[in-house]
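# Secondary and tertiary structure notes
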Number of protein chains: 2
Amino acid sequence: MTVGIVGTGLIGGSIAIDLRRRGFADRLLGVEADKVNAAAALELGIVDAVVNLEECAAQADIVVVAVPVGTAVKLLPQILDMFASLPDGGRKVLMDACSTKSAVIEAVRNHPMRGRFVASHPMAGTEYSGPRAALSGMFDGRACVFADPQDSDTDALEIAEKLYDKLCMRVVRMSAADHDVHTAYVSHLSHVISFALALTVLEKEKDEKHIFDLASGGFSSTARLAKSGADMWVPILLQNRDNLRRVMHTYSAFLEDFDKALETGDEKALRSLIDNANRIKRIIR
Amino acid sequence: MTVGIVGTGLIGGSIAIDLRRRGFADRLLGVEADKVNAAAALELGIVDAVVNLEECAAQADIVVVAVPVGTAVKLLPQILDMFASLPDGGRKVLMDACSTKSAVIEAVRNHPMRGRFVASHPMAGTEYSGPRAALSGMFDGRACVFADPQDSDTDALEIAEKLYDKLCMRVVRMSAADHDVHTAYVSHLSHVISFALALTVLEKEKDEKHIFDLASGGFSSTARLAKSGADMWVPILLQNRDNLRRVMHTYSAFLEDFDKALETGDEKALRSLIDNANRIKRIIR
């Protein structure tokens, strides 16, 4: 099987590494706009060749688009156009790995080749980026969402499922709308609050040089996501802004509950907030 | 050396384990109000005996108070009173391990034995509690604050420094006021935002049972501190509420910057916020 990876960064690179290692792909083609990343992906053996989008669409059986969502919405219809012009295009499969799903699906909604596209979101990652951050095993045991799977051809879904099975992911099917609400809660909000935490303490550092001397594991854990880059996160936050803003407003209301309890010295209210928050123990180890 | 540990939980227990293992203490006495924890501390060999506060003050060369700050402010003057009534009380050292420093210092400010007290904050921990959570090596390489050290006797400071040296901590000296501002930024704020995150997603779970299906490592990292218990954190947040509320307001203003940028679709503003937040890479690996 020849697999084309459009965007050979953290996500695309990690997919490529395990598809080769686990015998799913015998040839991997990379499409990479950034020359340094392209050279690194070749040097690391993540892909066998770096090609242009047309060559990738023509030669690959499966094309996985793993670029920021703002770029993906442009590339996905172009790749389906290329499929349409190829004799075997109707047997090829196009997948994405974007963190928001409504926009990518909207981008190909009325395309005659829509059935060949599987909107997927393999939910794993780190706060690093680029091919050198790519890792074997990064997806093992994690969830992969298939969004609006009823709009994909059955055989395309089966092929996509086999690919994610090789990555040891469990596939969860849901609507694009539900996906985007869920991720606003369990992923996008975490990033925004981590960015805001980093900004708050960095701001203080301007007049208090040693503010970080006392930072310990708790701070690092909460601020870790603030290392995530703008290239990936600006498009995600913008694409999902309506859901995200709603969730942020709920979150801010809880912060205000804390503020009110602190202002009035209300020990009972604070205890109730913390006891309730502790129920998260059920979810995270 | 005989060391008394008042509160044989995560912090007191971890101190005891390494003071014994590293040859600083040859006898460890525990004072523990919770019977289950007292039995566990004995069974685990964290302390050699569980005694009452008077026995601890009489027999120990150093008494380390590692209980929630609301209890510590009551016990510290009582222990200094006991020191005052003992023939060798003027050679004993009292230390605390509380996460806020102004209130504990205020509690003993005018005590005739004030010089025997070293206000210290060994900055390490986990989100777990109790003697079974105690760990060897938990303090290694971390910072320990001595607050207002000028108010402690020189020999008491030296003994406290030797103790923390055995725990492989680097001692940082600062005023209690500075300590409380610093910890509001790098510790207490992280806890509040983590609690609020947990509350937000748990609230959604009421009508969306599968909201956590997609939670990944990023969420766990940001919400980890929300497992921290109310017994410890209610007193900390209340003691430091003025500093904390100020920091929370700065933090909320950054959240509002994100909200505004999202509302207006201002890509440039979002990018600038995230780029600035990324400077945290300098601080955390």
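Residues numbered from 1 in each chain as written. Chains lettered and ligands numbered in written order. Predicted model: local features only at pLDDT ≥ 70, side-chain atom pairs only at ≥ 80, totals over all residues. Heavy atoms only, no water.

### Some words on the overall build of chain A
Threshold: Strands are runs of DSSP state E lasting at least two residues, helices are runs of H or I lasting at least four, and both sets are numbered from the N terminus onward. Should any heavy atoms of two residues lie within 4.5 Å, those residues are counted as being in contact. Using a 1.4 Å probe, accessible areas were evaluated by the Shrake-Rupley method; residue-level cover was limited to the displayed protein chains.
For chain A, the count of helices and strands is 11 helices and eight strands. Along the three orthogonal principal directions, the C-alpha set of chain A runs to about 70 × 40 × 30 Å. Counting contacts in chain A only where the partners sit at least 6 residues apart, residues at least 24 apart contribute 72% of the total. If you sum the accessible surface of chain A, you get close to 11,200 Å²; carbon and sulfur atoms cover 48% of it.

### A closer look at the relation of the copies chain B and chain A
This is how the line gets drawn: Copy-to-copy alignment: least squares on C-alpha atoms, limited to residues at pLDDT 70 or above in both.
The transform that puts chain B on chain A rotates by 180° and translates by 0.0 Å along the axis, for an RMSD of 0.1 Å. What the rotation and shift describe, once combined, is the action of a two-fold rotation axis. Nearest to the rotation axis, the C-alpha of Thr222 of chain B is located 2.2 Å from it, this being the minimum over chain B. When the interface residues of chain B are mapped onto chain A, 100% of them again lie at the interface, so the same face is used by both copies.

### What to know about the packing of helix H10 (residues 241–263) of chain A against helix H10 (residues 241–263) of chain B
Rule in force here: For helices, the fitted axis covers only the stretch in contact; all axes are lines through C-alpha atoms, and the angles between them, taken along N-to-C directions, range from 0 to 180 degrees. For this classification, under 35 degrees means roughly parallel, over 145 means roughly antiparallel, 65 to 115 means roughly perpendicular, and everything else is oblique. Here is the rule for handedness: rotate from the far helix to the near one, and if that takes an anticlockwise turn smaller than a right angle the crossing is left-handed, while a clockwise turn gives right-handed. Residue polarity is assigned by list, with Asp, Glu, Lys and Arg as charged and Ala, Val, Leu, Ile, Met, Phe, Trp, Tyr, Cys and Pro as nonpolar; anything else, Gly included, falls into the polar class.
As a packed pair, H10 of chain A and H10 of chain B sit with axes 11 Å apart at the nearest point and diverge in direction by 165°. The orientation of H10 of chain A relative to H10 of chain B falls into the category roughly antiparallel. When you trace H10 of chain A past H10 of chain B, the crossing you get is left-handed. Along its contact with H10 of chain A, which presents Arg241, Leu244, Arg245, Met248, His249, Tyr251, Ser252, Leu255, Phe258, Asp259, Leu262 and Glu263 of chain A, the element H10 of chain B presents Arg241, Leu244, Arg245, Met248, His249, Tyr251, Ser252, Leu255, Phe258, Asp259, Leu262 and Glu263 of chain B. Of the residues that constitute the contact of H10 of chain A with H10 of chain B, the class distribution is 12 nonpolar, four polar and eight charged.

### Some remarks on the interface of chain B and chain A
Note the threshold: A simple way to read buried area is as the amount of 1.4 Å-probe accessible surface that goes missing from two parts once joined, with both sides added. The rule for a salt bridge is simple: a side-chain nitrogen of Lys or Arg has to be within 4 Å of a carboxyl oxygen of Asp or Glu. Identification of polar contacts relies on pairs of N or O atoms within 3.5 Å, with a donor-acceptor requirement for protein atoms, meaning one able to donate a hydrogen and the other able to accept it, and with residues adjacent in sequence counted only if both atoms are side-chain atoms.
The interface of chain B with chain A comprises 88 residues on the first partner and 88 residues on the second. Summed over both partners, the interface of chain B with chain A buries about 8,200 Å², with 70% contributed by carbon and sulfur atoms. Per-residue buried area on chain B facing chain A is highest for Val186, Leu214 and Leu262 of chain B; these three make up 9% of the total on that side. The tally of links between chain B and chain A comes to eight salt bridges. For Glu263 of chain B, the salt bridge is made with Arg245 of chain A, and the minimal N-O distance between the two is 3.8 Å. Our count for the contact surface shared by chain B and chain A stands at 24 residue pairs in polar contact (both at pLDDT 80 or more).

### Some thoughts on the sheet that holds strand E5 (residues 93–96) of chain A
Residue and element names in this part refer to chain A. This is how the line gets drawn: DSSP calls a pair of strands paired once it identifies at least 2 bridges connecting them.
Spatial strand order, E3-E2-E1-E4-E5-E6-E7-E8: eight strands in an open sheet with mixed pairing. Of all strands in the sheet, those bounded by a partner on one side alone are strand E3 (49–50) and strand E8 (170–174). For strand E4 (residues 62–65) and E5, the ladder comprises four bridges, and the chain directions are parallel. Directly across from Val65, in E5, lies its bridge partner Asp96. Helix H7 (residues 176–205) rests against strand E6 (117–122), strand E7 (143–147) and E8 of the sheet, and its axis sits at about 115° to E8.

### Some points on the packing of H7 of chain A against H10 of chain B
Packing of H7 of chain A against H10 of chain B leaves a shortest axis separation of 9 Å and a crossing angle of 125°. On the basis of their axis angle, the class for H7 of chain A and H10 of chain B is oblique. Taken as a pair, H7 of chain A and H10 of chain B cross one another with a handedness that is right-handed. Here Val192, Ile193, Phe195, Ala196, Leu197, Leu199, Thr200 and Glu203 of chain A of H7 of chain A come into contact with H10 of chain B, specifically with Val247, Thr250, Tyr251, Phe254, Leu255 and Phe258 of chain B.

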